[in-house]
Amino acid sequence: MNQYLISVYQPDGPAPEPEILEPIMRAVDAVNAELREAGAWVFAGGLFPPSTSTVLRLKDSEVLTTDGPYVEGKEHLGGFTVIRAADLDEALAWGEKVARAITLPVEVRPLQHGAC
């Protein structure tokens, strides 16, 4: 089985109101439960806003530390799920379920074997 990263991109700004967010989170929980039942779920996590990040950058043998985000944009990485899938088609099928549940764009990308 290969591993794939499903990245969730969300717009900058405040979270949606509870009446919008709560049904979305129930749908996400249902997809996560389905992933677990299928043995495809590895782990997942939500991220705090990019304003909470710290960027470390090597420059001339010195590591510079600055407040984040790494890049300015209108959307940011809001969370991720790592899954096991037999192939890209299966990973994309899971990615579609995540996109439908979260109602935000997602990116599916294979993880390299033995890279870390």
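Predicted, not measured: the structure shown is a model, and the values here were computed from it.

Draft legend 1. The arrangement of the overall build of the protein chain in detail. Secondary structure assignment for the protein chain yields 2 helices and 6 strands. Starting at the N terminus and walking to the C terminus, you meet the elements of the protein chain as β-α-β-β-β-β-α-β. Taking the principal axes of the C-alpha coordinates as reference, the protein chain spans close to 50 × 40 × 20 Å. Partitioning the contacts of the protein chain with sequence separation of at least 6, the portion at a separation of at least 24 is 78%. Summed over all atoms, the accessible surface of the protein chain reaches about 8,200 Å², with 57% contributed by carbon and sulfur. The protein chain carries 9 positive and 17 negative side-chain charges, and their two centres are separated by 2 Å.

Draft legend 2. Main features of helix α1 (residues 18-37). For α1, built from 20 residues, the straight-helix expectation of 28 Å at 1.5 Å per residue is met to within 8% by its first-to-last C-alpha distance of 28 Å. Within α1 the residues assigned to the buried category are I24, V28, V31, N32 and L35. Viewed along the axis of α1, the buried residues span an arc of 100 degrees, placing them on a single side of the element. Facing away from the buried side of α1 by more than 90 degrees, the exposed set consists of E19, R26 and E37. Those residues of α1 that are buried lie in contact with β2 (41-46), β5 (75-85) and α2 (88-102). G39 lies just past α1 and shows a positive phi near 75 degrees.

Draft legend 3. Examining a nonpolar patch on the surface more closely. A grouping of L56, L58 and V63 is seen on the molecular surface, where their side chains present a nonpolar patch of about 340 Å² in accessible area. Looking at where L56 falls in the secondary structure, it is placed in strand β3 (residues 54-59). The class of L56 is exposed, set by a relative accessible area of 60%.

Draft legend 4. Region of the structure containing the pattern of salt bridges. Summed over all chains, the structure comprises 3 salt bridges. K97 is the salt-bridge partner of E34, the closest N and O atoms lying 2.4 Å from each other. One end of the pair, E34, is in helix α1; the other, K97, is in helix α2, and 63 residues separate them in sequence. The class for E34 is partly exposed, based on a relative accessible area of 32%. Among the residues examined, K97 registers a relative accessible area of 33% and is labelled partly exposed. Put simply, E96 and R100 hold a salt bridge, and the shortest N to O gap is 3.1 Å. Remark: R100 and E96 occur in helix α2; sequence separation between them is 4 residues, near one turn of the helix. With a relative accessible area of 44%, E96 lands in the partly exposed category. With relative accessibility at 64%, the residue R100 sits in the exposed group.

About the criteria used
- Residues numbered from 1 in each chain as written.
- Predicted model: local features only at pLDDT ≥ 70, side-chain atom pairs only at ≥ 80, totals over all residues.
- Heavy atoms only, no water.
- Helix = DSSP H or I, 4+ residues; strand = E, 2+ residues; numbered from the N terminus.
- Contact = heavy atoms within 4.5 Å.
- Areas by Shrake-Rupley, 256 points an atom, 1.4 Å probe, with all protein chains shown as cover.
- Lys, Arg positive; Asp, Glu negative; His and termini not counted.
- Charge placed at Lys NZ, Arg CZ, Asp CG, Glu CD.
- Expected span 1.5 Å × (residues − 1).
- Buried < 20%, exposed > 50% of the residue type's maximum accessible area, 1.4 Å probe, protein only.
- Arc of directions from axis to C-beta.
- Patch = residues over 30% accessible without salt bridge, like charges linked within 9 Å, V, L, I, M, F, W, Y side chains within 5 Å.
- Salt bridge = Lys/Arg side-chain N within 4 Å of Asp/Glu carboxyl O.

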